[in-house]
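In case you want the letters, here they are:
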Amino acid sequence: MRGNNMIRKMLCGAGALSALLFAAAPAFAQDTLTLDSGDTAWMLVSTVLVLAMILPGLQLFYGGLTRSKNMLSTMTQIGGVAALAMLVWVSWGYTMAFGEGGNAFVGGFGKMFMAGVTSDSLSGTIPEFVFACFQMTFAAITVALVLGGTVERIKFSAVLVFGLVWLTLVYFPIAHMVWASGGLFFDMGALDFAGGTVVHINAGVSALVAALILGKRAGYPAEPMPPHSLTLTMVGTGLLWVGWFGFNAGSALAANGGASLAMINTFVATASAALVWMLTERVVGHKPSALGFCSGIVAGLVAVTPAAGNVGVFGAIVLGAIASIVCYFAVAKVKAALGYDDSLDAFGIHGVGGIVGAIGTGILHDPMFGGPGDGSVTIAAQTVIQVEAVLTTIVLAAVGTAIAIFIAKLVTGLRVKPEVEQEGLDIGEHGERAYN
Amino acid sequence: MKFIIAIIKPFKLDEVREALGAVGVAGMTVSEVKGFGRQKGQTEIYRGAEYSTNMLPKVKLEIAATDAMASQIVETIQQIASTDSIGDGKIFVLDLASATRIRTGEAGDTAL
């Protein structure tokens, strides 16, 4: 539960409500809450931890998985689209997600260009600028994650156009639906602690749709395309795990007990997923691999994102293990069987892991499984709500991505020329080589 | 004079070099090469995508030797580089028409 957990407890004296809702710090709390320096300090730190997940965490994680001729292109596309997301966020993204008024699908437009927000504005117990920056990093990483499906063939210019349209059509509305009071999923009572639907299912499904429209990389799957540096992928994975504490524990929007539960779950679900992925490799007859270890870590982190403050410690371990097994089969078997080219498995890990996490959260939230829920909503009812939120996200992401990709194609041509793809996007798109 | 070319497993290089030094070999040229023979290639697996490589890394030694020393060198390499398994490599011996030391212009056995 995001900030409303603490706020509602204070306002209503009852934690029960909070346990059932997504949320953002509601505006009505501003009159009754004052700035808490402990909360503010933690949120400042959390915000830059999420930035470190993108630069250089995701850049290295994804970059290492590509071929060496596309290393700089991959890293630059991630950095470029993240920077663009920050500017779009303060222009119209923040108000579309968190502006007052609005409807179930989008926020009011009163805070365009951060109108009326000053360093004295509060969001819950933290300055509104800090809240806006924290949420800004989520928008930036989500659009960057989508690139996992499109790298090694999409133009840099197409990435920027796609990012602009996709954030506006897909990300801001879904962020509003999940986290703003009055948002569609928020009012449904869906559980999503740190953004399993908004960030991971959304990015994963969008990556799949984008990859399908864009087409396969030249030579895929006949030509070998092994990762060029699993060393860098391992470094990136480490940065992702560290940064994810800002993402998950920061989503408590306060330095409190909710953050502590999110923290311990972000440790153990991930540890469980890392080992279970390698165990799965052994069971199907392969060696336990370094990339398997990294993939397990990310699958576990993705799955625990909606669950972080919503399940118990051992529930998190089970969730991480299940996510690893399901994601392993998604990337190693299902992808090959269906033949689509999701280059870096953004869908197989973020999409599939996100769905496992969202549905698993509905089950493991129940006190029967050691979760912090009070049992007032049955497991079946909660699971139905979770599935509805997942399906709605899938539809919105798929439709919005198709529109954004077609606009990018109209404006930029979308895909690099075959000779650029052959020679590598580093030289063809940026005029540089990663390694000389 | 003989020209000896030996393809061996890379991890055997240091041992072979020491042994050849002990029998009086004063110099050799070493390169990292790739190739295939009876040894099965390696399989790499990345998230379920399997890539098999037929080419395996080996080390190539090139040694020019006098006729008298050639057989001893071949014997030494054969014994030291062997692990009794496929992929240990091969040794080829060619007749060498001439040898010249660039610094002095000496030719023949004295150039070796």
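What you see is a predicted model, and the numbers here were worked out from it, not measured in a lab.

Parameters and conventions
- Residues numbered from 1 in each chain as written.
- Chains lettered and ligands numbered in written order.
- Predicted model: local features only at pLDDT ≥ 70, side-chain atom pairs only at ≥ 80, totals over all residues.
- Helix = DSSP H or I, 4+ residues; strand = E, 2+ residues; numbered from the N terminus.
- Rg over C-alpha atoms; globule rule 2.2 N^0.38 Å.
- Buried ≥ 20, exposed ≤ 12 C-beta atoms within 10 Å, placed from the backbone.
- Contact = placed C-beta atoms within 7 Å.
- Nonpolar A, V, L, I, M, F, W, Y, C, P; charged D, E, K, R; others polar.
- Axes fitted to C-alpha atoms, helices over the stretch in contact; angles between N-to-C directions.
- Left-handed = near helix turned anticlockwise from the far one by under 90°.
- Pairing = 2+ DSSP bridges.
- Core = buried A, V, L, I, M, F, W, Y, C linked by C-beta atoms within 7 Å.
- pLDDT = per-residue confidence, 0-100.

**Let's talk about the overall build of chain B**
Helices and strands together make up the secondary structure of chain B, namely two helices and six strands. Shown N-terminal to C-terminal, the secondary structure of chain B runs as helices and strands in the order β-α-β-β-β-β-α-β. Against the 2.2 N^0.38 benchmark of 13 Å for 112 residues, chain B shows a C-alpha radius of gyration of 17 Å, more extended than a compact globule. Counting only C-alpha atoms and orienting by the principal axes, one finds that chain B spans roughly 60 × 25 × 20 Å. Put simply, chain B has 112 residues, and 18% of those count as buried. Across chain B, every contact between residues at least 6 apart in sequence was considered, and the portion connecting residues at least 24 apart equals 69%.

**Thoughts on the interface of chain A and chain B**
The interface of chain A with chain B comprises twelve residues on the first partner and six residues on the second. Mapped onto the side of chain A that touches chain B, the elements with two or more residues apiece are α10 (290–307) and α11 (313–338) of chain A. The element that contributes the greatest number of residues to the side of chain A that touches chain B is α11(A), accounting for four residues. Here the side of chain A that touches chain B is built from residues that sort into seven nonpolar, three polar and two charged.

**Quick word on the packing of helix α4 (residues 128–146) of chain A against helix α5 (residues 156–179) of chain A**
Residue and element names in this part refer to chain A. Where α4 meets α5, the closest approach of the two axes is 11 Å, and the angle between their N-to-C directions is 115°. Handedness of the crossing formed by α4 with α5: right-handed. For the pair α4 and α5, the contacting residues are A139, T142 and V143 in the first and G163, W166, L167 and Y171 in the second. Each residue belonging to the contact of α4 with α5 can be placed in one class, and the counts come to five nonpolar, two polar and no charged.

**Details of the sheet that holds strand β1 (residues 2–8) of chain B**
Residues and elements named next belong to chain B. Here we have four strands laid out as an open sheet, ordered β2-β5-β1-β6, and antiparallel in their pairing. The open sheet has two edge strands with one neighbour each: β2 (29–35) and β6 (89–95). Here the average twist between neighbouring strands, direction ignored, is 20°. Of the strand pairs in this sheet, β2 and strand β5 (residues 56–65) are connected by seven bridges, and their pairing is antiparallel. Looking at the pairing, V33 lines up with K58 of β5.

**Description of the nonpolar core**
Counting 145 residues, the largest nonpolar core has A:L58, A:I141, A:V143, A:A144, A:A273, A:A303 and A:L319 as its most contacted members. Looking at which element gives the most residues to this core, the answer is α5(A), with 15 residues. The contact partners of A:L58, leaving out residues within four places of it in the chain, are A:M53, A:I78, A:I141, A:A144, A:L145, A:G236 and A:L240. Formed by 14 residues, the second largest nonpolar core is a distinct cluster that contains B:A6, B:I8, B:V16 and B:V25.

**Describing the pairing of β1(B)**
Sheet faces and side chains relate simply in a regular strand, where the side chains alternate between the two faces. Residues and elements named next belong to chain B. The pairing of β1 with β5 spans seven bridges and is classified as antiparallel. Of the residues in β5, the one forming a bridge with I5 is E62. Pairing of β1 with β6 involves seven bridges; the strand directions are antiparallel. By the bridge assignment, I4 is partnered in β6 with V93.

**Regarding the confidence of the model for chain B**
Residue and element names in this part refer to chain B. Taken residue by residue, chain B gives an average pLDDT of 93. The fraction at 70 or more is 100%. Least confident of the elements in chain B is strand β4 (residues 49–53), whose mean pLDDT is 84; most confident is β1, at 97. Overall fold confidence (pTM) sits at 0.85, and the ipTM for the predicted complex is 0.78.

**With respect to unusual backbone geometry**
All names here are of chain A. For the peptide bond that leads from L55 to P56, omega is 5°, which places it in the cis range. Here P56 shows up in helix α2 (residues 37–65). Cis geometry marks the peptide bond from Y220 to P221; its omega dihedral reads 0°. By secondary structure assignment, the location of P221 is in the loop between α7 (196–214) and α8 (230–248).

**What to know about the packing of α5(A) against α7(A)**
Residues and elements named next belong to chain A. As a packed pair, α5 and α7 sit with axes 10 Å apart at the nearest point and diverge in direction by 145°. As α5 runs across α7, the sense of the crossing is right-handed. Residue-level inspection shows W166, V170, Y171, I174, A175 and V178 of α5 in contact with α7, the latter providing T197, V198, N202 and S206. Among the residues forming the contact of α5 with α7, the class breakdown is seven nonpolar, three polar and no charged.

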